[in-house]
Amino acid sequence: MTEKLDILGVQVDKVTLEEAQDVVKGYLDGTQCKMIVTPNPEIIMDAVKDMALMDIINGADLVIPDGIGLVYASKILKQPFKERVTGIDFLEKMLEHLNHSQQTIYLLGSKPGVAKKAAEKMKEKYPKLRIAGTHHGYFKKEEEEAVIGEINKVAPNFLCVALGAPKQEAFINQYKGSLKTKAAIGVGGSLDVWAGELKRAPDFYKNNGLEWLYRFIQQPSRYKRLAALPAFMIKILIKGK
Ligand code: UDP
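A brief report on the enclosed structure follows. (Residues numbered from 1 in each chain as written. Predicted model: local features only at pLDDT ≥ 70, side-chain atom pairs only at ≥ 80, totals over all residues. Heavy atoms only, no water.)

1. Some words on the packing of aromatic side chains
A full pass over the atoms with the stated rule returns 4 aromatic pairs. With a centroid separation of 5.9 Å and an interplanar angle of 55°, the aromatic rings of Phe-139 and Phe-171 are classed as tilted. On the criterion of sequence distance, the pair formed by Phe-139 in the loop between β6 (130-135) and α7 (144-154) and Phe-171 in helix α8 (residues 167-175) is long-range, its members being 32 residues apart. Neither Phe-139 nor Phe-171 differs from the other in exposure class; each is buried. Ring centres of Tyr-205 and Tyr-214 lie 5.0 Å apart, and the angle between their planes is 55°; on these two criteria the pair is classed as tilted. Here Tyr-205 matches Tyr-214 in class, with each residue buried. (Phe/Tyr/Trp six-rings, centres within 6.5 Å; stacked < 30°, edge-to-face > 60°. Helix = DSSP H or I, 4+ residues; strand = E, 2+ residues; numbered from the N terminus. Buried < 20%, exposed > 50% of the residue type's maximum accessible area, 1.4 Å probe, protein only.)

Structure (structure tokens):
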């Protein structure tokens, strides 16, 4: 069990990238589907307003702090995280491990064609990686059981769900009891980045904790989500006083 930090009610694991990877490696030897969540400030603000989402996140097996906003929050709350972890870096670490151990991965989500393209790019970088399957993320509620059936047919070791937050978290939570996989994680826009549909932030943005700004420049329509950031920081400042 890792130590947790309470961020506005969300219990976040105080893990480094490597520690998170070690925990999930352990999940891959298990028997049930473990759920991993990587909340950022926007998701935490969603959870503050939606207790059902708060319960889903707090019921996850591993809650990895995603991005610089949570690092600032941990400092203000006087329990600083050891390092900044991002969802996309964590996925990279897992790909390295899955490649090395020749375990399988399934990519669910994003627009038609994107998961397949992401899988091809992953395979180029990690030739021993075994792609169990891919499926786009634009299926109807009544098609969900069929999608779960397809995943269960191939029983991947690791499942990436890119349906956007909080849809992907609700999906994993609903089906974790019936999914034949060892670990499932919500990866947001990561498959778009792997497929080359969305660019990863250049080093300048990464090194200065400005990945959120780069994402906004690429997708200005996300301004509504970004608007949650100041409210998040104000709540944290009040709490940290
Ligand atoms: N997405 C999906 N099905 C949906 C809604 C979204 O597959 O019903 C995909 C979308 O194509 C994108 C990913 O989910 O690849 C992340 O979406 P978004 O950027 O909105 O999520 P966030 O990064 O904010 O979690």
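2. What to know about the site of the ligand
Near the ligand lie 16 residues; those nearest to it are Gly-137, Tyr-138, Lys-167, Asp-192 and Arg-225. Between Gly-137 and the ligand, the recorded distance is 2.8 Å, taken from a backbone N or O atom to a nitrogen atom. The separation between an oxygen atom of the ligand and a polar side-chain atom of Tyr-138 is 2.8 Å. Look at the ligand: alone it shows 540 Å² of surface, and the protein chains cover 80% of it. In terms of residue class, the shell around the ligand is built from 4 nonpolar, 6 polar and 6 charged. (Near = heavy atom within 4 Å. Polar contact = N/O pair within 3.5 Å; in protein donor to acceptor, adjacent residues only side chain to side chain. Areas by Shrake-Rupley, 256 points an atom, 1.4 Å probe, with all protein chains shown as cover. Nonpolar A, V, L, I, M, F, W, Y, C, P; charged D, E, K, R; others polar.)

3. Here we look at the side chain of Ser-190
Mapped onto the elements of the fold, Ser-190 is located in helix α9 (residues 190-195). Within the structure, Ser-190 has its side chain in polar contact with the backbone oxygen of Val-187 (distance 2.8 Å). In contact with Ser-190, other than residues within four places in its own chain, are Ile-88 and Leu-91. (Contact = heavy atoms within 4.5 Å.)

4. Some points on the sheet that holds β6
Spatial ordering of the open sheet is given by β4-β3-β8-β7-β5-β6, a layout of 6 strands whose pairing is parallel. The open sheet terminates on both sides in strands that have one partner only, identified here as β4 (62-63) and β6. Of the strand pairs in this sheet, strand β5 (residues 104-109) and strand β7 (residues 158-162) are connected by 5 bridges, and their pairing is parallel. The residue bridging Leu-107 from the neighbouring strand is Cys-160, located in β7. The sheet contacts of helix α5 (residues 87-101) involve β5, β7 and β8 (183-186), and relative to β7 the element is tilted by about 150°. (Pairing = 2+ DSSP bridges. Axes fitted to C-alpha atoms, helices over the stretch in contact; angles between N-to-C directions.)

5. Considerations on the pattern of salt bridges
One pass over the structure, following the stated rule, counts 13 salt bridges. Linking Lys-4 and Asp-13 is a salt bridge whose minimum nitrogen-to-oxygen distance equals 3.2 Å. Residue classification places Lys-4 among the partly exposed positions, given a relative accessible area of 30%. Each of Arg-84, Asp-89, Arg-200 and Glu-211 takes part in one network of salt bridges that share partners. (Salt bridge = Lys/Arg side-chain N within 4 Å of Asp/Glu carboxyl O.)

6. Comments concerning the packing of helix α2 (residues 41-49) against helix α3 (residues 51-58)
It is the contact of α2 with α3, at a shortest axis distance of 5 Å, that shows an interaxial angle of 125°. In this view, α2 runs oblique relative to α3, as classed from their interaxial angle. Together, Ile-43, Asp-46, Ala-47, Val-48 and Lys-49 of α2 and Met-51, Leu-53, Met-54 and Ile-57 of α3 make up the contact between the two elements. The residue makeup of the contact of α2 with α3, split by class, is 7 nonpolar, no polar and 2 charged. (Parallel < 35°, antiparallel > 145°, perpendicular 65-115°, else oblique.)

7. Some points on α8
In an α-helix there are 3.6 residues to a turn, and that puts residues three or four apart on one side. When we look at burial in α8, the residues that qualify are Gln-168, Glu-169, Phe-171, Ile-172 and Tyr-175. The arc that holds every buried residue of α8, seen down its axis, measures 160°, which confines them to one face. Considering only its buried residues, α8 is in contact with β3 (34-37), α3, β5, α7, β7 and β8. (Arc of directions from axis to C-beta.)

8. A closer look at the pairing of strand β1 (residues 4-7)
Residue alternation in β1 divides its side chains into a buried set, Leu-5 and Ile-7, and an unburied set, Lys-4 and Asp-6. Taken together, the 4 bridges between β1 and strand β2 (residues 10-13) define a ladder with antiparallel strand orientation. For Ile-7, the partnering residue across the bridge sits in β2 and is Val-10.

9. A short note on the state of the cysteines
If you walk through the whole model with that rule in mind, you get 0 disulfides. As a non-bridged cysteine, Cys-33 has Cys-160 as the owner of its nearest cysteine sulfur, 12 Å distant. (Disulfide = S-S within 2.5 Å.)

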